[in-house]
Amino acid sequence: MQTKIATNISEAAAFLANGELVAIPTETVYGLAGNALNDSAVVKIFEAKGRPQFNPLIVHCGSVEQIEHYVLQIPPLAYKLSERFMPGPLTLLLPKKDIIPDLVTAGSDKVAIRIPNHPLTLALLQQLDFPVAAPSANPSGYVSPTTAQHVWDQLQGKIPYILDGGACNVGIESTIVGWNEKNETLVYRLGGLSVEEIEDACCQKVKILTHTESKPQTAGQLLSHYAPRTPLLLGKISVLIEEYGIEKVGILSLNKKYEQIPLKNQFMLSPQGTLSEAARNLFQAMRYLDGLGLRVIFAEWMPETGLGLAINDRLGRARYENKLLME
Ligand code: TXA
Ligand code: MG
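The model shown is predicted, which means the values in this text are computed figures rather than measured ones.

Participant: How would you summarise the packing of helix H10 (residues 275–290) against helix H11 (residues 308–318) if you had to cite specific residues and measurements?
Facilitator: Remark: H10 packs on H11, axes separated minimally by 9 Å, with the N-to-C direction vectors making an angle of 20°. Taken as axis vectors, H10 and H11 run roughly parallel relative to one another. As for the relative orientation of H10 and H11, their crossing is left-handed in sense. Every residue of H11 that contacts H10 at Leu275, Ala278, Ala279, Leu282, Phe283 and Met286 is listed here: Gly308, Ile311, Arg314, Leu315 and Ala318.

Participant: Give me the lowdown on the sheet that holds strand S1 (residues 4–6), citing residues and values where you can.
Facilitator: To summarise the sheet geometry, strands pair through backbone hydrogen bonds and adopt either a parallel or an antiparallel arrangement. An order of S1-S8-S2-S3-S7-S4-S6-S5-S9-S10-S11 is seen for the eleven strands of this open sheet, with the pairing classed as mixed. Bordering the open sheet on either side are S1 and strand S11 (207–208), each of which pairs with just one other strand. Relative to strand S6 (residues 110–114), strand S4 (residues 59–60) is paired through two bridges, and the arrangement is parallel. Counterpart to Val59 in the pairing with S6 is Ile113. Its contacts with the sheet place helix H1 (residues 9–17) against S1, strand S2 (22–24), strand S3 (31–35), strand S7 (132–133) and strand S8 (161–163), and it is angled at close to 135° to S8.

Participant: Quick rundown of the pattern of salt bridges? Include the residues and the values.
Facilitator: Enumeration according to the criterion identifies ten salt bridges in this entry. Note that Arg84 and Asp200 form a salt bridge whose closest N and O atoms lie 3.1 Å from each other. Of this pair, Arg84 sits in helix H4 (residues 76–85) while Asp200 sits in helix H8 (residues 195–202), and the two are 116 residues apart along the sequence. For Arg84, a relative accessible area of 48% translates into the label partly exposed. Lys205 is the salt-bridge partner of Glu199, the closest N and O atoms lying 3.5 Å from each other. Here Glu199 falls in the buried class, since its relative accessible area comes to 17%. By relative accessible area, which is 67% here, Lys205 ends up exposed. Linked through salt bridges whose partners overlap, the residues forming this network are Glu173, Asp313, Arg314 and Arg317.

Participant: Describe empty space enclosed by the protein, and please don't skip the residues or the numbers.
Facilitator: To locate leftover empty space, one rolls a probe as large as a water molecule over the atoms. Tallying each qualifying case throughout the model produces one cavity of 30 Å³ or more. Its boundaries defined by the atoms lining it, the largest cavity holds a volume of some 30 Å³. Lining the largest cavity are Thr175, Leu190, Gly191, Leu193, Ser194, Val195, Gly306, Leu309 and Ala310. Of the residues that constitute the lining of the largest cavity, the class distribution is five nonpolar, four polar and no charged.

Participant: So what's going on with the packing of aromatic side chains? Residues and values would help.
Facilitator: Per the stated rule, a full pass over the model turns up three aromatic pairs. For the pair Phe15 and Tyr161, a centre-to-centre distance of 5.7 Å together with 35° between the ring planes defines the contact as tilted. With Phe15 in helix H1 and Tyr161 in strand S8, the pair connects residues that are 146 residues apart, well separated along the chain. The exposure class of Phe15 is partly exposed, given its relative accessible area of 26%. Tyr161 gets classed as buried once you look at its relative accessible area, which sits at 0%. Here the guanidinium or amino end of Arg229 rests over the ring plane of Tyr142, the centre of that ring lying 4.5 Å away.

Participant: Describe the nonpolar core, and please don't skip the residues or the numbers.
Facilitator: Core analysis: the largest hydrophobic core is formed by 78 residues, its most contacted members being Leu81, Leu92, Leu252 and Leu282. Looking at which element gives the most residues to this core, the answer is H10, with eight residues. In this structure Leu282 touches Ile172, Leu252, Leu269, Ile311, Arg314 and Leu315, once residues within four positions along its chain are discounted. Judged by nonpolar contacts, the second largest core, of 17 residues, contains Ala6, Leu16, Ala33 and Leu163.

Participant: Outline the pairing of strand S5 (residues 90–95), listing residues and values.
Facilitator: Remember that side chains alternate between the two faces of the sheet whenever the strand is regular. Where burial is concerned, most of S5 is hidden: five out of the six residues are buried. Of the strand pairs in this sheet, S5 and S6 are connected by five bridges, and their pairing is antiparallel. In the sheet register, Leu92 faces S6, and the bridge partner there is Ile113.

Participant: Just give me the short version of the sheet that holds strand S12 (residues 232–234), but keep the residues and values in it.
Facilitator: Taken together, four strands build an open sheet; the order of strands is S12-S15-S13-S14 and the sheet is parallel. Edge positions in the sheet fall to S12 and strand S14 (266–268), since each of these pairs with one other strand and no more. For this sheet, the mean inter-axis angle between neighbouring strands, taken without regard to orientation, is 20°. Strand contacts of helix H9 (residues 237–244): S12, strand S13 (249–253) and strand S15 (296–299), with the helix running at about 150° to S15, the strand carrying the most contacts.

Scoring rules and cut-offs
- Here the residue numbering is sequential within each chain, running from 1 through the sequence in written order.
- Written order decides the labels, with chains lettered from A and ligands numbered from 1.
- Note on the predicted model: pLDDT of at least 70 is required for a residue's local features to be given, and 80 or more for side-chain atom pairs to be given and counted; whole-chain, interface and lining totals, by contrast, use all residues.
- Calculation of side-chain values draws on the structure's entire complement of heavy atoms; hydrogens and water are dropped beforehand.
- To get an axis, fit a line to the C-alpha atoms, keeping to the stretch in contact for a helix; angles then go from 0 to 180 degrees between the N-to-C directions.
- The secondary structure listing takes helices from DSSP runs of H or I that are at least 4 residues long and strands from runs of E that are at least 2 residues long, numbered from the N terminus.
- Each angle is binned into one of four classes, with values under 35 degrees roughly parallel, values over 145 roughly antiparallel, values of 65 to 115 roughly perpendicular, and all other values oblique.
- Left-handed describes a crossing whose near helix is turned anticlockwise from the far helix by less than a right angle; the clockwise case is right-handed.
- The contact criterion used throughout is that any non-hydrogen atoms of two residues lie within 4.5 Å.
- Here, strands pair whenever DSSP counts at least two bridges between them.
- For this document, the term salt bridge refers to a Lys or Arg side-chain nitrogen within 4 Å of an Asp or Glu carboxyl oxygen.
- Burial classification: accessible surface area is computed with a 1.4 Å probe over protein chains only, and a residue below 20% of its type maximum counts as buried, one above 50% as exposed, and the rest as partly exposed.
- Grid points spaced at 1 Å over the protein atoms alone were grouped into cavities, where a 1.4 Å probe fits but cannot get out, and pockets, open sets with protein on both sides within 12 Å along at least five of seven lines, with lining residues defined by an atom within 4 Å of a point.
- Grid points are joined across faces, edges and corners, and a volume is the space filled by probe spheres set on the points.
- Here the term charged refers only to Asp, Glu, Lys and Arg, the term nonpolar to Ala, Val, Leu, Ile, Met, Phe, Trp, Tyr, Cys and Pro, and the term polar to all other amino acids, Gly among them.
- By convention, a stacked pair of Phe, Tyr or Trp rings (six-membered ring in the case of Trp) has centres within 6.5 Å and planes under 30 degrees apart, an edge-to-face pair has planes over 60 apart, and any other such pair is tilted.
- Only when the NZ of Lys or the CZ of Arg is both within 6 Å of the ring centre and within 35 degrees of the ring normal is a charge said to sit over the ring.
- By convention a nonpolar core is built from buried Ala, Val, Leu, Ile, Met, Phe, Trp, Tyr and Cys residues, the set being connected through side-chain atoms within 4.5 Å.

Honestly, that's just the spatial picture; any functional story needs more than this.
Shown next, in the form of structure tokens:
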């Protein structure tokens, strides 16, 4: 299959209406979109990604009115969050209507749904008469794509169209939020909307439900995810250098350079030290360092505040725990 990279919304819409897949830009990461109401399009998504069908997909809409077509109800707190943060890096987990295929939710009676904040994709979604299901547009388990080129590198030949919307300006996936029977606010995946902002809007503390190893409720909770192929070790970089040496080493730091290591093997996530910039650069950094053919990447934890939590979550899942490293 020939893959085209371009910026034409009508062309993208035509492929989607035909049951074909289109990679779409969002503010978080690029998505691999297909008509969410069309089972055969949804099956193509799982196939192109090599993703197991027990792992459900997020549904993308162009407005809150569109969301109302696909969910049974929007509870008051969800409504409040939607008013403040949609479009934006927020996904709500809400009871689904029957029109959403079980294939999309992997059999769950709840659908994860969001409105991406990217002008091209918003315009596209507003002109479609169906929502699109879209996981991140990477092969299952690998680092998420934040440019059209990243998508091309991995899905070229497998999909007909990549809608090029430039680099994603949030850079990590949406925060997934839901509610339990006690009406407590639960964060299923840390992401581009910080916990502090959600708590501020809800006027209550949230419970963070990530790091469930067995029977994950969302795959963002699978421990090994978002991983580069080069082993990545996490900790204090100076200590890692002492312990493992400097030969063929890559560095992923917030804003510190290490003299002993060639500059081209170092990626500072944010020279200014801001966490939003660090989030924006995270996956690009992992891809860059992964492409250098290094023995190992040393990465450091970010401060545990704001987007630092979500970055640390992704770093934790990218880390390598195989003890064979030193052989
Ligand atoms: O920012 C994002 O959310 C990006 C862009 C493309 O919108 N999408 C994304 O999709 O990250 P994906 O498939 O890579 O991750 C979606 C996560 C998975 O961990 C999945 O298990 C969870 O959302 N999820 C989707 N539907 C769900 C549902 N009905 N119940 C529980 N978890 C769900
Ligand atoms: Mg993903």
